[in-house]
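# Summary of structural features
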Amino acid sequence: MAKIILAASGKGGAGKSTVSALLGEALASKKHKTLIIELDSGLRSLDVALGVTENIVFDLGDIIRGSCDMKDALAPCPFCEGLSLIPAAAKPAVITAGAINDISSALGEEYEYIILDCPAGIGEALENAAKCADLALVVATPDPSSVRGARSAGALLANCGVKNRRLVIERCPQKAKKLSPINNLDEIIDGAELQLIGVIWEDPLTRSAMDSGAPLSYESPNYQTFRNLSERICGKNIPLGFK
Ligand SMILES: Nc1ncnc2c1ncn2[C@@H]1O[C@H](COP(=O)(O)OP(=O)(O)O)[C@@H](O)[C@H]1O
Ligand SMILES: [Mg+2]
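This text gives an overview of the structure that appears in the document. (Residues numbered from 1 in each chain as written. Chains lettered and ligands numbered in written order. Predicted model: local features only at pLDDT ≥ 70, side-chain atom pairs only at ≥ 80, totals over all residues. Heavy atoms only, no water.)

## With respect to the state of the cysteines
Filter applied, for reference: By convention in this document, the label disulfide applies to cysteine sulfur atom pairs within 2.5 Å.
Per the counting criterion, the structure on display carries 0 disulfides. No disulfide involves Cys80; its sulfur sits 5.3 Å from the nearest other cysteine sulfur, which is in Cys77. The thiol sulfur of Cys160 is not disulfide-bonded, and the nearest other cysteine sulfur, from Cys132, lies at 10 Å.

Spelled out as C-alpha cells, the structure:
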C-alpha cells in the first residue's frame, strides 16, 4: 500500500504546492512511483507546475461525483516518469476522508507514495486529509505568522492522530543572517513545536519551475535539497547540513 504524505500549513502561500510538486519529482526520479492529489478545490495550481494543463479532462471533483473512472483523472507528468497528478476539483467541493481513502485504496498498489496537497488553514479539509495520512509535512516560511500557523496545524494533526509530523521551512533566505525577524532556525523550530525534516531555500529557479511547467533546474540550490528530503522520507539517514 502507498505511504500517504500530507502537505499542510496554517497560512496560505507557505509553499505546500511547491513542496508537493518538487518532493514528488524527487521521489519519482528515484523510481518511487508517486501520485499527487491536489485537495485545494477551486484553486488548482499543480497542473501548471507539472505541465499537464492541456491534458486535463477529469479532476478530483469528477472522481468524487462518480462521473469518471478514477484512472481517467490521472495526469502523468510529461517531464518526470513515475509522477502523476489528480488535479483539484475545478469548483469548491467537500473532500471527505472516505473519498481520499477510496482513491488511495484503489490506486495504492500502483504507487509507492501518495502526496496530499492540502488547502491552507486548520479546518475540516485538513482534518479529513489527516485521517488518511502516514506522515504530515507542515510547511512554514520564517515569518512569525507562518510559524504560528504551523504550530496550530501541527496541533490539529496531533489531535487527529497523525503521529509522524515534521516541519519543512520554506523560502529560507540563502544567507541565514537575513532570517530576521526570527533570528535562527532554532527559533522557528521551537515556535512551530515540530521536528525539522528539511529547509528549502528562497530561490528564483524554484519559483520559475513552478510557474513554467518544467523540471527544477540542476542549478537550483533546492535540487539537492529536495533529493535529500525525499531520501529522508524513504528512511535514509541524510544529515540536514546547511551551507
Ligand atoms: N523556495 C522558494 N523560492 C522562491 N519562491 C517560492 C519558493 N517556494 C514557493 N515559492 C513561491 O511562493 C508562492 C507560494 O507557493 P505555493 O507552493 O503555491 O504555496 P501554497 O501551496 O502553500 O499556497 C508561489 O508563487 C511559489 O512559486
Ligand atoms: Mg497550494
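## Describing the pattern of salt bridges
Once their charged atoms are close, side chains differing in charge can pair, the charge on each being opposite to the other. The test is simple: What counts as a salt bridge is simple: a side-chain nitrogen of Lys or Arg found within 4 Å of a carboxyl oxygen of Asp or Glu. Helix and strand assignments follow DSSP, with helices taken as H or I runs no shorter than four residues and strands as E runs no shorter than two, numbered in order from the N terminus.
Overall, the coordinates contain 6 salt bridges when judged by the stated rule. Taking the shortest distance from any N to any O, the salt bridge between Arg65 and Asp62 comes out at 3.1 Å. Of this pair, Arg65 and Asp62 both sit in helix α3 (residues 60–65), 3 residues apart, roughly one helical turn. The closest approach of N and O atoms between Glu110 and Lys71, which form a salt bridge, is 3.0 Å.

## Some details on the environment of Leu196
Structurally, the position occupied by Leu196 is in strand β8 (residues 195–201). Note: C-alpha distance between Leu196 and Val168 (28 residues apart in sequence) is 6.2 Å.

## Some remarks on the pairing of strand β6 (residues 135–140)
Heads up, the rule is: Relative accessibility under 20% of the residue-type maximum defines a buried residue, over 50% an exposed one, and the middle range a partly exposed one, all with a 1.4 Å probe and only protein chains included. Whether two strands pair depends on DSSP finding at least two bridges between them. The definition of a right-handed crossover adopted here requires that, viewed with the strands pointing away, the path from the first strand over the helix to the second runs clockwise.
When you tally the buried positions in β6, you get 6 out of 6 residues, the bulk of the element. Bridge analysis of strand β1 (residues 3–8) against β6 gives 4 bridges, and the strand direction is parallel. Bridge assignment links Ile5 to a residue of β6, and that residue is Leu135. The sheet contact formed by β6 and strand β7 (residues 165–172) spans 5 bridges and is parallel. The residue bridging Ala136 from the neighbouring strand is Arg165, located in β7. Handedness of the crossover joining β6 and β7 through helix α6 (residues 144–159) is recorded here as right-handed.

Spatial relationships are all this shows, so hold off on functional conclusions.
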